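Topology and contacts: notes
Here's the letter readout for the chains.
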Amino acid sequence: MDAVIELQIPARAEYVGLARLVVSSLASGRRALADERIDDLKLAVSEACTNAIEAHHSVPVDEHVLVRCSEAEDRLEVSIHDRGTGFDPEALPEHPPVTDPERLNFERGLGIPLIRTLVDEVAFESSSEGTAVRMVMYCDAADDFDDVDLELDLTGLDDIDGSLGSSGPAE
Amino acid sequence: MELGLDVEEKNGATVLAVRGEVDVYTAPRLREKLVELVSQGKYKIVVNLEGVDFLDSTGLGVLVGGLKRLRSHDGDLTLVCTQPRILKVFEITGLTKVFAIHESVDEAVA
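Residues numbered from 1 in each chain as written. Chains lettered and ligands numbered in written order. Predicted model: local features only at pLDDT ≥ 70, side-chain atom pairs only at ≥ 80, totals over all residues.

1. Quick look at the pairing of strand β4 (residues 76-80) of chain B
Side chains on a regular strand alternate between the two faces of the sheet. Residues and elements named next belong to chain B. The pairing of strand β3 (residues 44-55) with β4 spans five bridges and is classified as parallel. Note that in β4 the partner of Val46 across the bridge is Thr78. In terms of handedness, the path from β3 via helix α2 (residues 57-71) over to β4 forms a crossover that is right-handed. As paired elements, β4 and strand β5 (residues 101-102) share two bridges and run parallel to each other. Opposite Leu79, over in β5, you have Ile101 as the bridge partner. Handedness of the β4-helix α3 (residues 84-93)-β5 crossover: right-handed. (Pairing = 2+ DSSP bridges. Helix = DSSP H or I, 4+ residues; strand = E, 2+ residues; numbered from the N terminus. Right-handed = clockwise from strand over helix to strand, strands pointing away.)

In structure tokens:
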């Protein structure tokens, strides 16, 4: 049976660190994710919680952001639920290429591309009543743990550069 | 969550050493410090990230904004970073092509 842990945090910036701490502690406790992948999950959670908190700022609601962690034998799933007004993750504006001087005009919009890169699976479920970002990390088999390739594969970097798609909106 | 920001002058550059976690909560303080330094006429800034434990896209955005601000004054913002987990954030966003990233402060101010 899956073990489920839920954390409700006020939609304020100072609580993003707490969400990171809880998720990374949980992932560390499993001892089935390499440290680098725990760092990846921690970063993805930070990005999703940041978007969730900013989504709450755009509507006059005083509801909490829900961080839900579900552990199964082969995976750790973390979902972040907000009560914002929703967005279309496929319709985010693209950044100029990093080599374009205009790129410096875009300080935001890297969160969702980062999440997509960092976790094994991600799904965005968004409506006018809120958004859920569901992220999955598959556990490394214990026998293979020492053999996990921790090197970053940058062979697709140029492609990634061209797909940094969002800016402006909180999500 | 504390964010340490220490400033020193070295070899004609202003070195801003950042310590702690840079996220949506702490990044505004980093932005304020960069704005303050630029307003003081510090147009060559080295941001030392060696003491940073965590950095997300909010922190990246502040650094991008700082670089833009400095370039508008014909200045520059360069970074010192050797930690793989911090470098990775720059690598997967392609920002290693935007920032000069050095392995030490001495190298950055040389």
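2. A short note on the interface of chain B and chain A
Taken together, the contacts link 24 residues of chain B with 27 residues of chain A. Elements supplying a minimum of two residues to the side of chain B that touches chain A: α2 and α3 of chain B. When residues in the side of chain B that touches chain A are grouped by element, the largest group, eight residues, is from α2(B). Considering only residue class, the side of chain B that touches chain A consists of ten nonpolar, six polar and eight charged. (Contact = placed C-beta atoms within 7 Å. Nonpolar A, V, L, I, M, F, W, Y, C, P; charged D, E, K, R; others polar.)

3. Overview of the packing of helix α2 (residues 35-57) of chain A against helix α3 (residues 111-118) of chain A
Residues and elements named next belong to chain A. Between α2 and α3, the least distance of the axes is 9 Å, while the angle of their chain directions is 150°. Put simply, α2 runs roughly antiparallel to α3. Our pair here, α2 against α3, has a crossing hand that is left-handed. Residues Asp40, Leu43, Ala44, Glu47, Ala48, Thr50 and Asn51 of α2 lie in contact with α3, whose contacting residues are Gly111, Leu114, Ile115 and Leu118. By residue class, the composition of the contact of α2 with α3 is six nonpolar, three polar and two charged. (Axes fitted to C-alpha atoms, helices over the stretch in contact; angles between N-to-C directions. Parallel < 35°, antiparallel > 145°, perpendicular 65-115°, else oblique. Left-handed = near helix turned anticlockwise from the far one by under 90°.)

4. Regarding the sheet that holds β4(B)
All names here are of chain B. Strand order in the open sheet formed by five strands is β1-β2-β3-β4-β5, with mixed pairing between adjacent strands. The open sheet has two free edges, formed respectively by β1 (3-10) and β5, since each of these has just one partner strand. Sheet analysis places strand β2 (residues 13-22) next to β3, joined by eight bridges and oriented parallel. Across the sheet, the residue bridging to Val15 is Val46, located in β3. Against the sheet, helix α1 (residues 27-39) touches β1, β2 and β3, its axis set at about 170° to β2.

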